[in-house]
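Survey of secondary and tertiary structure
Spelled out, the chains give:
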Protein chains: 2
Amino acid sequence: MAKAPSHPRKSDRRQLRTRLIRRQFQFHEKRPHALVIIVAGYLSSDGEDAVDHLLDWMDPRNIRVYALDRNGRGDELVDRYRPPQGRYWRRLPARGEIAVFHGGWYGPLLRPGAPDDDSLSCLCRLEAMLQAEGVKVLKIWLDRPAKDVRQRLKTLQADTATAWRVSAQDRAVLKQLPAYRRQVDRVLAQTACDGGAPWHRLELDHSPARWEDLAALTLDALKPGRFQPATAPRRVAPPRVQPLRPPPPDNGIKKQDYESQLAHWQGRLRRLTASAAFAKRSLVIVFEGYDAAGKGGAIRRLSRGIDPAQLAVVPIAAPTAEDRLYPYLWRFWRHIPPYHEVTIFDRSWYGRVLVERVEGFARRADWQRAYGEIRDFEHELTAHGVVLVKIWLDVSAEEQRQRFAARGKTPYKQYKLTPADLKNAELRPAYEKAVAEMFARTHTAQAPWAVIAADDKRFARIAVLRHVVETLTAALEK
Amino acid sequence: MAKAPSHPRKSDRRQLRTRLIRRQFQFHEKRPHALVIIVAGYLSSDGEDAVDHLLDWMDPRNIRVYALDRNGRGDELVDRYRPPQGRYWRRLPARGEIAVFHGGWYGPLLRPGAPDDDSLSCLCRLEAMLQAEGVKVLKIWLDRPAKDVRQRLKTLQADTATAWRVSAQDRAVLKQLPAYRRQVDRVLAQTACDGGAPWHRLELDHSPARWEDLAALTLDALKPGRFQPATAPRRVAPPRVQPLRPPPPDNGIKKQDYESQLAHWQGRLRRLTASAAFAKRSLVIVFEGYDAAGKGGAIRRLSRGIDPAQLAVVPIAAPTAEDRLYPYLWRFWRHIPPYHEVTIFDRSWYGRVLVERVEGFARRADWQRAYGEIRDFEHELTAHGVVLVKIWLDVSAEEQRQRFAARGKTPYKQYKLTPADLKNAELRPAYEKAVAEMFARTHTAQAPWAVIAADDKRFARIAVLRHVVETLTAALEK
């Protein structure tokens, strides 16, 4: 537990404000990182007071304040149809911007009896990842002695001008104050480790200097400087799973059989995705594979088995300038479908441990921590009803060479051949090493890889459809 | 009414596909414009068939299909809390991308007895604007003779494998077929004029060539080439309104009075925005004014009168690379608040007729059509419950000069002084001309400008708060 820095009690408020607003300006200009401030306390009015003071000192542009627990309007409903972490990802500040979350991802966890140790350590890992990816997390606990909580509520309720500030949640806290205090102590202790952000306890006594402590903490959090975790977050080892299925024997399929099998599996997929069982689920399909493995063709056939109005096909290329203002998982979170919808990713977050590793776009430390981050991300999806299918289209080096050669000849395929393709072929050995490690570290029971032999296109397309149908059928029966 | 181009009946399907997929590839690479395809017809299954054929020929990446009428899930609720046009703006394709809307913005208008002439001509102007801003609109009406509609429905219903494709809406159409046909003829005739996109009628007879006509139309729509309206859209003249209020006399406010007046108006604004009357309204406040007019300071004081969790303060600078992929209004639509929330724009869409005009960033023809487009945009907001307050902070040239000089001296204001500021001061006469024309053409009864004298900062800040409170009070009483 980090103590709030002591601040000279007689400091010039004006000077503090000058420093804050200057640093905020530089922060917005230079964009060294993003800042998430989580304010939480026994009383909701304490959080509101903290935010009010913060905004009094600072420039309200480029600061957004969210009280996600409190509202229940349209935009919140979007959240309810997706995994819970999505609500923070949607509102994550870009580098150079600030978001204040009342309660943050701790809101519900601070109520007595709520969370198990696993979800707390999961939050630690989330914060470690955010910080390593350039989102500083400043966590403020607004503390009060028990007696003071009661006194403060009484004072607020006594005056009609302030009585509205006492929320139902505040009354619930008052009723079970000792249980709340135990829970808060436990959560705060357990989420200040493992590379997560430390908590800062701010004692809300009657000295006005407490708010200057908040300003000093904010000033410090705006300072440029890369986050260096003291210790790497403790990761759960990937669960033991059956070894990857080897590519099914690839016998080839006759043209006639192909058309009828295609129609069969597409029909089944249409019925599955239209079924009532899919009404509160969603489906994410990830395609990875070497260039010319046939991803585009397989996706075209697969997508004909889904109502186009339920479907988004998302090609993943190099990140845009906007993407680079956020952690690398942000641009995938943007496309996580709501209930009853499907997203097909043509390449995915695995780029981090494939192309970014092989081409040197990511530092070694960054792609190495990505395995655990990806497992956490996929766990967040599958734990909340998203059916996740990960497909590796396995094309041999020889077949790949032949396809590159043929691309020059088919008129409507010429556009696909780029100089990068030829270069990538040279990098194949480096890719093979990265692929093997990717399988070893991200082939989990909840989100297993399917390796599909892709030297025969017809076979691969049918095998993809069949695998998706079978996985979805099994998931919807649960 | 444009006829679908006749296409050689024996054309090679393969060749057509080759051309389509090649042009789609170039379209995505070069990004000459965005493409919106609206498919509509008497029967929903006809629209689905059209989309299925289109996706069979094309690459499903970078095409999104939307059936907004049909769904009622989370994401649709976001739409319901905002003006209706917002649902299309949220899903507008970027340059190089394609969106297919089942029914598009015509969906509800094609039912008997629905729209008045005004809303139809409003759609024409919307399409003219989109096309002038780089979004081509291809409108396809899937036609059938009355007898054929009945026959087709009968055929679909007879087979259990297809019976599900008959929607409740289809049955409604069948019941009142003559009324639907009259309505469709009227809507199609009236929305093919005024610079809007033409309708293409595709006769769904039994020849397979009809879908090749669709491919040919799409091929044509992907062709680069700037949209040239045959005639400028007919705009409604701005409604007559009382002349702009001159800046109120600026008497100065003593420091003591200032603090208490600030608290008074901030308190009133807090109560208003927290009130039940505001639960299904929202508030947009636009700040414009010369540099150093005091926008930032006024916004800070104003924003303290609104719960931070209801508020977004959006500074508008030069458009980003992503913004440039869309019509200029897109980035403002992104920030239109849902019910019960407030957005303050620090500069706004008026940049089009101010900085872009004066600095020559927009072509003359583009900023000239912007007056009408802005009136339409603001009408869309105010007609659907958004309270819109437009404030011009009026600082004299002399006071502006003094403020620039002072900025160098106050430590926490130095950051505000940039070389651009000094240059803008030189351009003041050009700006004054642009401002005068802006007032003349966008000061409407629904969205009037308030000009507030800003040479005295305290006076201006109180006047801003007071104007917002009074406007909102009046609007919520309606």
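Details of the structure are given in the entry above.
A short tour of the structure in this document, coming up. (Residues numbered from 1 in each chain as written. Chains lettered and ligands numbered in written order. Predicted model: local features only at pLDDT ≥ 70, side-chain atom pairs only at ≥ 80, totals over all residues. Heavy atoms only, no water.)

Topic: unusual backbone geometry
All names here are of chain B. Within the chain, Asn 62 stands out as a residue other than glycine whose phi angle is a positive 70°. For Asn 62, the location among the structural elements is in the loop between helix H2 (44-57) and strand E3 (63-66). In this model, Ala 292 sits at a positive phi of 70°, which is unusual for a non-glycine residue. (Helix = DSSP H or I, 4+ residues; strand = E, 2+ residues; numbered from the N terminus.)

Topic: the nonpolar core
Formed by 113 residues in total, the largest nonpolar core has its most connected members in Trp 105, Ile 285, Phe 287, Ile 344 and Trp 349 of chain B. No other element matches the 11 residues that helix H18 (residues 457-477) of chain B contributes to this core. The next biggest cluster of nonpolar side chains, apart from the first, holds 112 residues, and it includes Leu 269, Val 353, Trp 367 and Ala 463 of chain A. (Core = buried A, V, L, I, M, F, W, Y, C linked by side-chain atoms within 4.5 Å. Buried < 20%, exposed > 50% of the residue type's maximum accessible area, 1.4 Å probe, protein only.)

Considering the packing of helix H14 (residues 364-382) of chain B against helix H17 (residues 428-442) of chain B
Residue and element names in this part refer to chain B. Running from N to C, H14 and H17 cross one another at 40°; their axes reach a closest spacing of 10 Å. The orientation of H14 relative to H17 falls into the category oblique. Seen from above, H14 lies across H17 with right-handed handedness. Contacts between H14 and H17 involve Trp 367, Gln 368, Tyr 371, Ile 374, Arg 375 and Glu 378 from the first element and Glu 437, Met 438, Arg 441 and Thr 442 from the second. (Axes fitted to C-alpha atoms, helices over the stretch in contact; angles between N-to-C directions. Parallel < 35°, antiparallel > 145°, perpendicular 65-115°, else oblique. Left-handed = near helix turned anticlockwise from the far one by under 90°. Contact = heavy atoms within 4.5 Å.)

Focus: the sheet that holds strand E10 (residues 386-394) of chain B
Residue and element names in this part refer to chain B. Read across the open sheet, the five strands follow the order E8-E9-E7-E10-E11; overall the sheet is parallel. Only two strands of the sheet have a single partner each, and these edge strands are strand E8 (311-315) and strand E11 (449-453). Adjacent strand axes in the sheet meet at a mean angle of 20°, parallel and antiparallel pairs treated alike. Sheet topology places E10 next to E11; five bridges connect them, and they run parallel. By the bridge assignment, Leu 393 is partnered in E11 with Ile 452. (Pairing = 2+ DSSP bridges.)

Observations concerning the sheet that holds strand E10 (residues 386-394) of chain A
Residue and element names in this part refer to chain A. As summarised here, the arrangement of the five strands in space is E8-E9-E7-E10-E11, forming an open sheet in which the pairing is parallel. The sheet is open, and its two borders are formed by strand E8 (311-315) and strand E11 (449-453), each paired with just one other strand. Neighbour-to-neighbour, the strand axes of this sheet turn through a mean angle of 20°, independent of strand direction. As defined by bridge partners, strand E7 (residues 282-289) adjoins E10 across eight bridges and the pair is classed as parallel. Bridge pairing links Ser 282 to Val 386 in E10. Here helix H11 (residues 295-303) sits on the sheet in contact with E7, E8, strand E9 (342-346) and E10, set at roughly 160° to E7.

Brief notes about the relation of the copies chain A and chain B
It takes a turn of 180° to lay chain A on chain B, together with a shift of 0.0 Å along the axis; the resulting RMSD is 0.0 Å. The transformation just described matches what one would write down for a two-fold rotation axis. A share of 100% of the interface residues of chain A reappears at the interface of chain B, consistent with the copies meeting face to face through the same patch. (Least-squares fit on C-alpha atoms with pLDDT ≥ 70 in both.)

Notes on the interface of chain A and chain B
In this complex, chain A contributes 50 residues to the contact, which on the side of chain B involves 50 residues. When the two sides are added together, the surface that chain A and chain B hide from each other amounts to roughly 4,900 Å², 50% of it contributed by carbon and sulfur. The interface formed by chain A and chain B includes eight salt bridges. The partner of Asp 52 of chain A in a salt bridge is Arg 270 of chain B, with the nearest N and O atoms 3.3 Å apart. On the surface where chain A and chain B come into contact, there are 15 residue pairs in polar contact (both at pLDDT 80 or more). (Buried area = accessible area lost by both parts, 1.4 Å probe. Salt bridge = Lys/Arg side-chain N within 4 Å of Asp/Glu carboxyl O. Polar contact = N/O pair within 3.5 Å; in protein donor to acceptor, adjacent residues only side chain to side chain.)

A look at the pattern of salt bridges
Under the criterion given, the structure shown has 64 salt bridges over all chains. One salt bridge in this structure joins Arg 304 of chain B and Asp 56 of chain A, with 3.0 Å as the shortest N-O distance. In this pair, Arg 304 of chain B is assigned in the loop between helix H11 (295-303) and E8 and Asp 56 of chain A in helix H2 (residues 44-57), connecting two distinct chains. The closest approach of N and O atoms between Asp 366 of chain B and Arg 363 of chain B, which form a salt bridge, is 3.2 Å. Judged by relative accessible area, which is 46%, Arg 363 of chain B ranks as partly exposed.

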